[in-house]
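Secondary and tertiary structure notes
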Amino acid sequence: MRAVTVQLGITELLRYRQLLASLTWRDLRIRYKQSVLGIAWAVLLPLSMMLVFTFVFTRAIDARAVLRIDTPYALYAYIGLVPWTFFSVGLGGCVNSLVANRNLVTKVYFPREVFPLSCIGSSFVDFLVASTVLMGLMIYFHHASHWSFHWNPALLFVPIVLGVQIILMVGLGMLLAMANLFYRDVRQIFGVSIQLTMFVSAVVVPVPNDGSLLAKVIAANPLVPLIGAYRDCILHGRLPDMIGFAYTTGVALVLLVVGWAWFRRASFRFAECI
Amino acid sequence: MESAAVEFSHVSKRFRLGESHDSLRDLLSSGLARLAGRKPKTKSHLWALRDVDFSVPRGEAVGIIGPNGAGKSTALKLLAGILRPDEGQVAIRGRLAALIEVGAGFHGDLTGRENVFLNGAILGMPRADIRSKLDDIVSFAGIERFLDTPVKRYSSGMYARLGFSIAAHVDPEILLVDEVLSVGDAVFRLRCLDRMHTLVRQGTTLVFVTHNLEQMQSTCPRAIVLEQGRTAFAGPAREAVGFYMTAMSRAYADRPTDMQGQPDGQSGNAELVDLSFVRSDGVETAWALGTESIRVRVRFRLRRPMARLVVECNMRASVSDNLLSLNSGRDALTFDMPAGVHTVTLRLDRLPVCSGQYLWNVRMWDADTGTTVLDSPFRFPLVIDDEGRATGILCVDHEWETGDGESVVPTYAAASRDTIAPAPTNADHESMPIL
C-alpha cells in the first residue's frame with residue numbers, strides 16, 4: 001500500500017515537472033529582478049565570502065599554518081563555499097517555501113513537494129553559475145601557485161557527490177518546509193543553526209581531527225564528507241574517503257525517504273493549518 | 001453512476017476552532033501536560049460539511065448555492081484536493097482545474113506574459129498549450145497593451161480579467177469555479193458566463209459555486225442547496241433557487257428584532273407580523289413565474305382600532321425607485337378594523353417583470369389624519385422567473401406579426417404555467433443524477 005502511494009507520488013510529480021520548472025524560474029526571476037547585477041550575484045555571493053575568508057585567514061590573522069591546507073586558501077574556500085551556498089540558500093528557501101506561498105497552498109491544488117523542490121531548483125541554477133567561476137580560479141591558481149590541476153578519473157565522481165547533496169537537500173528541505181508550516185519557530189532556529197553548521201562542515205576551515213569529544217561530534221555531520229568529497233575529486237584528484245561518503249549517502253537516503261513520506265502524509269493538512 | 005466525473009460520497013469535514021499549536025512552546029507545554037497524565041485541553045470542532053452526498057455525471061453543470069458559511073467553498077476545496085475529508089470519499093475522474101481565486105499565484109513583479117505562463121503551469125497547462133493560446137488569453141482579457149507590464153501596476157479589473165482568462169483557456173475535463181465572476185465589469189462577466197457555457201457545451205463537467213442565482217441558473221440545469229454543512233435540496237436549478245429563497249425569507253422572519261421592532265411607523269399603532277407570498281395553490285413561496293397569480297399576504301397587529309386604514313404594498317428591483325406601488329386608498333378602499341391581528345392579502349394576476357429578485361415592503365396609514373402607522377423596510381424578497389422571455393425591466397404581453405397583419409406567434413399573452421413550462425414528471429425526478 002505504501003509502495004503504491006510513493007509510486008503515485010512520483011508519477012504525480014512527473015506530471016507537474018513543468019510547474020516545477022516554472023516555479024524555479026519564478027524564484028530566480030524574482031530574486032534577480034530590480035537588481036543591477038542580476039544573476040551575477042550567484043557568483044558574487046560565494047566569491048565575496050571567499051574574499052572575506054581569504055582576507056581573515058591569510059592576512060588579518062595568521063592561521064594558515066594552523067589550518068595546514070596544502071592548496072591555495074582562496075581555492076580551498078571557494079570550492080567549499082559553492083556547494084555550501086547551494087545548501088544553505090536552497091534550504092533557507094525551503095523553510096519558507098510553503099508559508100510564503102500560502103495563497104497557492106490554500107487556493108490551488110498541486111503536489112506540495114513542488115514548493116521546496118523549486119527552491120532547491122533555483123539555488124541549483126545559482127550553483128551551476130557559481131561553478132563556472134571555479135574553473136576560472138583553478139586556471140589562475142594552476143599558473144600562479146604551487147598547486148596544479150591534473151585531469152583524473154576522480155572528476156567523474158563529482159556528479160555522484162552532487163547527486164548525494166541534492167538527495168540530502170530534498171529530504172531536509174521537505175522536513176523543514178513542513179515543520180515551519182506547523183511551527184514558525186523553525187525558521188528562527190534554522191537561521192541560527194545554519195550559521196553554526198557552516199563552521200563545523202569544513203566549508204572555510206577544516207574541522208578538528210584530534211580525537212577530542214568535539215571532533216567526534218563533528219564527525220557525525222554528514223556535510224563534512226560531502227564537502228570534503230568535492231575537494232578530493234576536484235582539487236586533489238583522488239576519490240573521497242569512501243566510509244565517510246557512504247555514511248553521508250546513507251543519511252541522505254534515510255532523510256529522503258522519511259522526509260518525503262512524512263511530507264506526503266501531512267500535506268493534506270497544509271491548507272487548514274498554514 | 002460509474003461514468004460520474006465527480007463523486008462526493010457521504011463526505012464530512014470538520015475544522016478545529018481556535019488556534020492550533022502555533023509555536024513550539026505550546027507543543028512543549030501540551031506535550032508535558034500529556035506526560036504528566038493530564039489530558040490536554042479539549043478542542044472544539046466545527047463540522048463544515050456533514051454527510052454531503054452527490055455526484056455529477058460527465059459533461060453536466062451543477063451549481064452549489066447556499067448562505068454564507070454553508071460549506072460551499074469547503075466542498076469545492078475538497079473537490080480540488082486542497083482539503084481532505086474527515087469522513088467519506090471524494091472521487092474525481094478526469095483532468096481538473098479549480099478556479100477558487102482569480103489570479104491566485106500571480107506575482108506582482110512579473111509581467112502579464114510571465115504570469116500567464118506561470119499561472120497556466122499552476123493550473124496544469126502544458127507549456128506548448130499556453131504558448132499556442134497566449135493570444136486568445138490576452139485578447140479575451142483585453143490587456144494586449146499591458147502584456148509586458150508587471151501585474152502590480154494592473155488595475156484590479158485587469159488583474160481579475162487576466163486571471164479568469166487563463167483559467168478559462170485551460171480546457172479541463174472538470175472545471176470548478178468559486179464565486180469568481182463577481183469581479184470585472186458587466187460586459188466581462190457576461191463573456192465569462194458565455195465562456196463557461198461554451199465549455200459545458202464542449203463536454204466539460206462544471207461545478208459552480210455562487211451567490212448569484214441568475215448566473216447559476218443560466219449555466220447549470222441542476223443545483224444543490226447547502227445549509228449549515230448539509231444538503232438541504234438537490235434537483236433542478238429553478239426549484240433549488242425557489243427552495244433557497246423560501247428558506248432565506250423564512251430565516252429573515254425568524255429574526256423578530258430585525259423584522260418587527262423597527263418598522264413601527266410614527267404612531268406605533270401597528271406592528272408587522274409577517275409579509276409572505278402565496279401561490280394560487282395556497283403554498284407559501286419566495287419565487288414565482290411572472291405569468292402566475294401571486295398573493296402578497298400581510299399580517300399585522302393593531303394596538304388600537306382603526307376606522308379607515310389604508311394598506312400599501314411596494315415593490316423594488318433593488319435600492320432604486322419603486323417599480324410598483326399599490327395602495328387600497330387609490331382603489332377607494334379603507335379597512336375598518338378592531339385592535340388585534342389581521343391579515344390583508346393583495347392578489348396579483350401576474351407580475352410582468354423580468355427574472356430577478358424583487359424586494360417588497362408594506363406601509364399603512366390612517367386615511368383621515370394621514371398618520372403613518374407602519375412603514376416596513378424593503379426586506380421581503382420575491383424571485384420572479386420570466387422563463388427567459390425578455391430582458392430589461394418589463395416582461396409584457398406581446399406577439400409578433402408579419403406584413404399582412406397575421407399574428408404569427410402568440411408569445412406571451414395566453415401563457416399559463418403548464419403550457420410553457422411543463423413541470424418535471426416523476427420519471428425525470430427518478431433519473432435525476434445529483435440526488
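Fair warning: this is a prediction, and the values are worked out from it, not measured in the lab.

Calculation rules
- Residues numbered from 1 in each chain as written.
- Chains lettered and ligands numbered in written order.
- Predicted model: local features only at pLDDT ≥ 70, side-chain atom pairs only at ≥ 80, totals over all residues.
- Helix = DSSP H or I, 4+ residues; strand = E, 2+ residues; numbered from the N terminus.
- Rg over C-alpha atoms; globule rule 2.2 N^0.38 Å.
- Buried ≥ 20, exposed ≤ 12 C-beta atoms within 10 Å, placed from the backbone.
- Contact = placed C-beta atoms within 7 Å.
- pLDDT = per-residue confidence, 0-100.
- Pairing = 2+ DSSP bridges.
- Nonpolar A, V, L, I, M, F, W, Y, C, P; charged D, E, K, R; others polar.
- Domains from an automatic or database assignment.
- Axes fitted to C-alpha atoms, helices over the stretch in contact; angles between N-to-C directions.
- Parallel < 35°, antiparallel > 145°, perpendicular 65-115°, else oblique.
- Left-handed = near helix turned anticlockwise from the far one by under 90°.
- Expected span 1.5 Å × (residues − 1).

1. A word on the overall build of chain A
Scanning chain A for helices and strands turns up 13 helices and 0 strands. Against the globule reference of 19 Å for 274 residues, chain A gives a C-alpha radius of gyration of 20 Å, in line with a compact fold. Dimensions of chain A, computed from C-alpha atoms along their principal axes, come out at roughly 60 × 45 × 35 Å. Scored against the burial criterion, the 274 residues of chain A give a buried share of 42%. Contacts spanning at least 24 positions in sequence make up 76% of the contacts within chain A whose residues lie at least 6 apart.

2. Brief notes about the confidence of the model for chain A
Residue and element names in this part refer to chain A. For chain A, per-residue confidence averages 87 on the pLDDT scale, and 93% of positions sit at 70 or higher. Taking the mean pLDDT of every element in chain A, the minimum, 56, falls on helix H4 (residues 64-67) and the maximum, 96, on helix H8 (residues 158-182). Contacts from residues 1-5, a stretch scored under 50 in pLDDT, to residues over four places away or in other chains number 1 contact.

3. Observations regarding the sheet that holds strand S13 (residues 294-302) of chain B
Residues and elements named next belong to chain B. A sheet is described by the order of its strands in space; here 4 strands give the open sequence S11-S10-S13-S17, paired in antiparallel fashion. Each edge of the sheet is formed by a strand with only one pairing partner; in this case those strands are strand S11 (284-285) and strand S17 (340-348). Bridge count for strand S10 (residues 270-279) against S13 is 9 bridges, and the pairing is antiparallel. When the sheet's bridge partners are listed, Asp274 is paired in S13 with Arg299.

4. Let's talk about the interface of chain B and chain A
Facing the 28 residues of chain B at the interface are 22 residues of chain A. Elements represented by at least two residues in the side of chain B that touches chain A include exactly helix H1 (24-35), helix H2 (72-80) and helix H3 (112-122) of chain B. Among the elements that make up the side of chain B that touches chain A, the one with the highest residue count is H3 of chain B (5 residues). For the side of chain B that touches chain A, the per-class residue count stands at 15 nonpolar, 6 polar and 7 charged.

5. Focus on the domain arrangement of chain B
Interfaces are frequently sized by the accessible area removed from exposure as the parts join. Residue and element names in this part refer to chain B. Taken domain by domain, chain B consists of domain 1 (4-19 + 44-246) and domain 2 (260-385). Just the C-alpha atoms count here: the centres of domain 1 and domain 2 sit 39 Å apart. In this complex, domain 1 contributes 6 residues to the contact, which on the side of domain 2 involves 8 residues. Among the elements that line the side of domain 1 that touches domain 2, the one with the most residues is helix H8 (residues 237-253), at 5 residues.

6. What about the packing of helix H5 (residues 73-100) of chain A against H8 of chain A?
Residues and elements named next belong to chain A. It is the contact of H5 with H8, at a shortest axis distance of 7 Å, that shows an interaxial angle of 30°. One element, H5, and the other, H8, form an angle in the roughly parallel class. Here the hand of the crossing between H5 and H8 comes out right-handed. Residue-level contacts link Pro83, Phe87, Gly90, Leu91, Cys94, Val95, Asn96, Ser97, Leu98 and Val99 of H5 to Gln165, Met169, Leu172, Gly173, Leu176, Ala177, Asn180 and Leu181 of H8. Within the contact of H5 with H8, the residues separate by chemical class into 12 nonpolar, 6 polar and no charged.

7. Some remarks on the sheet that holds strand S2 (residues 45-57) of chain B
All names here are of chain B. Across the sheet, 3 strands lie side by side as S2-S1-S4; this open sheet has antiparallel pairing. Single-partner strands in this sheet number two, and they are S2 and strand S4 (87-92). On average, each strand axis in the sheet is inclined to that of its neighbour by 20°, with strand direction left out of account. Where strand S1 (residues 4-16) and S2 come together, 9 bridges link them in antiparallel fashion. By the bridge assignment, Arg16 is partnered in S2 with His45.

8. Quick word on H8 of chain A
Across its 25 residues, H8 of chain A extends 36 Å between first and last C-alpha, which sits within 8% of the 36 Å expected from 1.5 Å per residue. With respect to burial, H8 of chain A is a largely interior element, 19 of its 25 residues being buried.

9. Quick notes on the environment of Thr24 of chain A
All names here are of chain A. Looking at where Thr24 falls in the secondary structure, it is placed in helix H2 (residues 17-31). A C-alpha to C-alpha distance of 8.9 Å links Thr24 and Phe115, two positions 91 residues apart in sequence. Every residue in contact with Thr24, bar those within four places of it in the chain, is listed here: Ser118, Gly121 and Ser122.

10. Some points on the confidence of the model for chain B
Parts of the model with low pLDDT should not have their predicted coordinates read in detail. Residue and element names in this part refer to chain B. Here chain B averages 79 in pLDDT, and 80% of its residues register 70 or above. Between residues 255-266, whose pLDDT stays under 50, and residues either more than four places distant or in other chains, the model counts 21 contacts. In this model, residues 413-435 is a region of pLDDT below 50 whose contacts with residues beyond four sequence positions or in other chains number 26 contacts. Interface confidence for the predicted complex, expressed as ipTM, amounts to 0.77; the pTM equals 0.70.

11. Some thoughts on the packing of H3 of chain B against helix H4 (residues 127-141) of chain B
All names here are of chain B. Where H3 meets H4, the axes come as close as 11 Å, and the angle between the chain directions of the two elements is 120°. In terms of orientation, H3 lies oblique with respect to H4. The handedness of the crossing between H3 and H4 comes out as right-handed. Between H3 and H4, the contacting residues are Val116, Phe117 and Gly120 on the first element and Ile130, Leu134 and Ile137 on the second. Here the contact of H3 with H4 is built from residues that sort into 5 nonpolar, 1 polar and no charged.

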